[in-house]
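# What the coordinates show
Each chain, letter by letter, is given below.
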Amino acid sequence: MPQQAEIFSKNTQGYDLHTHSTASDGSLTPQELIDTAIDYGITHLALSDHDTLKGFEIASEHLAKQSSDLQLVPSVEFSSRWNALSNIDSEDDGRGMTVHIVALNIDPKSTSIQKLIGATQSARNERNERLKIKFIKKGWQDVINLAEELSSGATLTRTHIANAMLTLDKVSKYGQAFSRYLGSGKPLSVHTKWPSISETVDGINKSGGTAVLAHPLHYQLTRKKLLQLCSDFKKAGGQAIEVITGNPDKKAIENLTGIALRQNLAASVGSDFHAPRNGKIHLGVPQVLPLALTPVWEIW
Ligand code: AMP
Ligand code: MN
Ligand code: MN
Ligand code: MN
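All values reported here derive from a predicted model rather than from experimental measurement.

### As for the coordination of the manganese ion (ligand 4)
Within the protein, the atoms that donate to the manganese ion (ligand 4) are H18 (NE2), H20 (NE2), E77 (OE) and D272 (OD), at distances of 2.1 to 2.2 Å. Sequence spacing among the residues donating to the manganese ion (ligand 4) works out to H-x1-H-x56-E-x194-D. In this structure, the manganese ion (ligand 4) lies 4.5 Å from the manganese ion (ligand 2). You can see H20 sitting in the loop between β2 (15–19) and α2 (30–39) and its partner E77 sitting in strand β4 (residues 71–82), a full 57 residues away along the chain. Of the residues examined, H20 reaches a relative accessible area of 0% and is grouped as buried. Using a relative accessible area of 1% as the deciding quantity, one classes E77 as buried.

See the structure below:
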């Protein structure tokens, strides 16, 4: 018999629409991620590496050789710039703040998605050059060398830099790398000229995909500002927000459900899996979506 909660909710079992591999800042190879997803009974998986489809291509080839019904959803997590009309939070330095947009169900071969990947990677490369200069000036060339080694030719992200700082004892905990040095407004942060929300959403829509605002509560915005972000995202053509991201509590799900309903946005779910925690791989989401919401896969 279904549990009471399930009667009033939409099943998310088998869905994980936000994960990472070694093609960006994840620790499993695309092949290992596919094998794990099959092992865990995932039915719909999005490999959403930052600014690249390289991992997706490798994962697709690997999946084709397995006898599995796993649906691999073509996906990319794009970094994007939100220029709010008013600056009422600390993350916005007046030049816009970074938000992440997960593109789902895109045509990986479309010109528009290739162009958007190119533009986002150019912004990242230019940002990384300025970031490297800051580290070298501080006498931390060794951090950059190790971060580049850790990324081994894939997209170089602040995750690699934070891991290198931890390995080289510049910080005692991974999170400290962001709270002390790399986070917005900290001494080793640099502004990135990511494509705007409308450029990003437009590129995703033109490739036949669905634009999903990633982890809305990570931006630590006031409620008023978060509603403004979701409204701007919707006006730009965005179709969904992540209502279940990582392992949220009931309050977070209720909060995001209210916003999705108010803005008439569909709901996505994903672990945002990067690396095992305490030796455990967390794929899929244990929570269910409230019945009132439209799961993003129902609009495909
Ligand atoms: P980048 O795209 O190079 O700016 O790096 C962003 C990545 O760093 C995100 O995708 C996260 O994986 C990670 N990250 C960002 N902020 C934090 C934080 N405060 N704590 C832990 N990881 C973070
Ligand atoms: Mn990441
Ligand atoms: Mn993200
Ligand atoms: Mn992510």
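### Some thoughts on the packing of aromatic side chains
Scanning the entire structure with this criterion turns up four aromatic pairs. Judged by centre distance (6.1 Å) and plane angle (45°), the rings of F135 and W140 are tilted. Judged on exposure class, the residue F135 and its partner W140 are both buried. Cluster of aromatic residues (ring-pair linked, three or more members): F135, W140 and Y181. When the ring centre of W140 is taken as reference, the NZ or CZ atom of K138 above it lies at 4.8 Å.

### Here's the deal with the packing of helix α4 (residues 111–137) against helix α6 (residues 158–167)
Running from N to C, α4 and α6 cross one another at 20°; their axes reach a closest spacing of 12 Å. Of the possible angle classes, the one that applies to α4 and α6 is roughly parallel. Crossing of α4 over α6 shows right-handed handedness. Contact residues: α4 offers R127, L131 and F135, while α6 offers R158, I161 and M165.

### Section: the coordination of the manganese ion (ligand 3)
Within the protein, the atoms that donate to the manganese ion (ligand 3) are E77 (OE), H100 (ND1) and H215 (NE2), at distances of 2.1 to 2.2 Å. Here the donor residues of the manganese ion (ligand 3) share one chain and are spaced in sequence as E-x22-H-x114-H. In this structure, the manganese ion (ligand 3) lies 5.3 Å away from the manganese ion (ligand 2). Taken as a pair, E77 in strand β4 and H215 in the loop between β6 (210–213) and α9 (223–235) lie far apart in primary sequence, 138 residues in all.

### Some remarks on the nonpolar core
Within the largest apolar cluster, 64 residues are counted, with the highest numbers of intra-cluster contacts made by I197, I204, L229, I241 and V243. Looking at this core element by element, the count peaks at six residues for strand β5 (residues 97–104). With 18 residues, the next largest nonpolar core counts F135, A164, V171 and L188 among its residues.

Conventions adopted
Residues numbered from 1 in each chain as written. Chains lettered and ligands numbered in written order. Predicted model: local features only at pLDDT ≥ 70, side-chain atom pairs only at ≥ 80, totals over all residues. Heavy atoms only, no water. Donors = N, O, S within 2.8 Å, 3.2 Å for Na, K, Ca; no water. Helix = DSSP H or I, 4+ residues; strand = E, 2+ residues; numbered from the N terminus. Buried < 20%, exposed > 50% of the residue type's maximum accessible area, 1.4 Å probe, protein only. Phe/Tyr/Trp six-rings, centres within 6.5 Å; stacked < 30°, edge-to-face > 60°. Lys NZ or Arg CZ within 6 Å of the ring centre and 35° of its normal. Axes fitted to C-alpha atoms, helices over the stretch in contact; angles between N-to-C directions. Parallel < 35°, antiparallel > 145°, perpendicular 65-115°, else oblique. Left-handed = near helix turned anticlockwise from the far one by under 90°. Contact = heavy atoms within 4.5 Å. Core = buried A, V, L, I, M, F, W, Y, C linked by side-chain atoms within 4.5 Å.

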